[in-house]
Amino acid sequence: MKLFILLICLFSLSWFVVSCAPKPLDPPTVATLEKSRYAGQWHEIARLPNPFEKDIVAATATYGINPDGTFSVRNDGLKKDGTRTSITGTAKPADSSAPGKLLVRFDEFPANFFAGDYWILDVNPSYTRALVGSPDRKFLWFLSKNPADRQSDFKEQFIKATSLGYETGKVIFNPKRLPE
């Protein structure tokens, strides 16, 4: 019985310590988003590793605007072995006062059970380069409308992502581009 009480006390103490630890602030997103300029095909230049893009060496995300104002989403990928992947979904605002905070839900089972945070952290003035991440900082993408862009073209976005607490040292660069 003493062991049981000790375990309960240790569990409670560890929960208290974890719950009281300061949590990082959510990263800021773009203050305005011109949907018509954001729509189109984006090439993934680089990303933080994630389980649903395992072995992907080239990827694009294509956004359209639905009649209800949400985005249609189509992600295409090329794996190391030459296999192509594709998934479609919808992105909608998570918060009407923050246009850069989107929730993406994909159509395929079981991905349709979960909506993922897709926060637009930065878009350059010409809407040709974007930095997208998740508030928990586990996901990060460097996107370009120009398939010829390279890592060196994203110096400002790398600085911003690092300053926001993303682990940019773990970023994977896509060696290829999908044809448009």
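Residues numbered from 1 in each chain as written. Predicted model: local features only at pLDDT ≥ 70, side-chain atom pairs only at ≥ 80, totals over all residues. Heavy atoms only, no water.

## Structural notes on the pairing of strand β2 (residues 56-65)
Buried residues dominate β2, accounting for eight of its ten residues. Pairing geometry for strand β1 (residues 40-47) and β2, over four bridges, is antiparallel. Across the sheet, Q41 pairs through a bridge with T62, a residue of β2. Pairing analysis gives nine bridges linking β2 to strand β3 (residues 71-79), with the strands arranged antiparallel. By the bridge assignment for β3, A59 is matched with G77. In this structure, the hairpin formed by β2 and β3 is closed by a connection of five residues, where G69 is found at a positive phi of approximately 90 degrees. (Buried < 20%, exposed > 50% of the residue type's maximum accessible area, 1.4 Å probe, protein only. Helix = DSSP H or I, 4+ residues; strand = E, 2+ residues; numbered from the N terminus. Pairing = 2+ DSSP bridges.)

## Brief notes about the confidence of the model for the protein chain
A residue-level look at the protein chain finds 84% of positions with pLDDT of 70 or above and a mean pLDDT of 87. Every residue in residues 2-21 scores below 50 in pLDDT, and together they form one contact with partners more than four places removed in sequence or on other chains. (pLDDT = per-residue confidence, 0-100. Contact = heavy atoms within 4.5 Å.)

## Notes on the nonpolar core
Residues Y38, Y63, Y118, I120 and L143 are the most contacted members of the largest nonpolar core, which totals 20 residues. Of all the secondary-structure elements, those providing two or more residues to this core are β2, β3, β5 (101-106), β6 (115-123), β7 (129-133) and β8 (140-144). Counting residues in hydrophobic clusters, the runner-up holds 14 residues, among them A46, L48, L121 and F154. (Core = buried A, V, L, I, M, F, W, Y, C linked by side-chain atoms within 4.5 Å.)

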